[in-house]
Amino acid sequence: MGWLWAIIVGFVLGLIAKAILPGKQHSPIWLTTVFGIIGAVLGNWLATQFGINETKGIDWGRHALQLAAAVVVVGLGDAAYKMIKGNRRTA
């Protein structure tokens, strides 16, 4: 069941990160989900390093770090995707 939550959280974080980033992102939704999963894992690691991974109640700090990491990963990943795929326009 953990993998299912990872996909759901990655999907949601990826979509939120795409909405935060200015301009149009060209990566497909499945790749955005992968970027979101990577951002969530990176955010959890950062929260552990800062000592805020386990708190009483809602872990707002951990969630903020996950979102910030997802924004960075989606931004960098989309730039890499555009470089690899080229700047082609599709109708």
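- Under an unreviewed UniProt entry, the name given to the chain is GlsB/YeaQ/YmgE family stress response membrane protein, and the organism recorded is Streptomyces anatolicus.
- Quoted straight from UniProt, the Subcellular location (unreviewed entry) entry for the chain says "Cell membrane".

**Quick notes on the packing of helix 2 (residues 29–50) against helix 3 (residues 60–85)**
For step 1, the next point in the chain: The geometry of helix 2 relative to helix 3 is characterised by a closest axis approach of 7 Å and an angle of 140 degrees between their N-to-C directions. Taken together, the axis directions place helix 2 and helix 3 in an arrangement best described as oblique. Crossing handedness for the pair helix 2 and helix 3: right-handed. Of the residues in helix 3, those in contact with L31, F35, I38, G39, A40, L42, G43, N44, L46, A47 and F50 of helix 2 are R62, L65, Q66, A69, A70, V73, V74, G77, D78 and Y81.

**Quick word on the UniProt feature "transmembrane region" (unreviewed entry) in the chain**
For step 1, the next point in the chain: As annotated by UniProt and renumbered to match this structure, "transmembrane region" (unreviewed entry) occupies residues 29–52 and 64–84.
For step 2, the next point in the chain: Its end C-alpha atoms 30 Å apart, residues 29–52 is made of 92% helix and 0% strand.
For step 3, the next point in the chain: Between the first and last C-alpha atoms of residues 64–84 the distance is 30 Å; the span itself is 100% helix and 0% strand.

**Describing helix 1 (residues 2–20)**
For step 1, the next point in the chain: With 19 residues, helix 1 extends 27 Å between its outermost C-alpha atoms, agreeing within 8% with the 27 Å of an ideal straight helix rising 1.5 Å per residue.
For step 2, the next point in the chain: The complete set of buried residues in helix 1 reads G10, L13, G14, A17 and K18. Buried residues of helix 1 fall within an arc of 135 degrees about the axis and therefore sit on the same side. Exposed and oriented more than 90 degrees from the buried face of helix 1 are W5 and A19.

What counts as what
- Residues numbered from 1 in each chain as written.
- Predicted model: local features only at pLDDT ≥ 70, side-chain atom pairs only at ≥ 80, totals over all residues.
- Heavy atoms only, no water.
- UniProt positions renumbered as here; feature names shortened; annotations may be inferred.
- Axes fitted to C-alpha atoms, helices over the stretch in contact; angles between N-to-C directions.
- Helix = DSSP H or I, 4+ residues; strand = E, 2+ residues; numbered from the N terminus.
- Parallel < 35°, antiparallel > 145°, perpendicular 65-115°, else oblique.
- Left-handed = near helix turned anticlockwise from the far one by under 90°.
- Contact = heavy atoms within 4.5 Å.
- Expected span 1.5 Å × (residues − 1).
- Buried < 20%, exposed > 50% of the residue type's maximum accessible area, 1.4 Å probe, protein only.
- Arc of directions from axis to C-beta.

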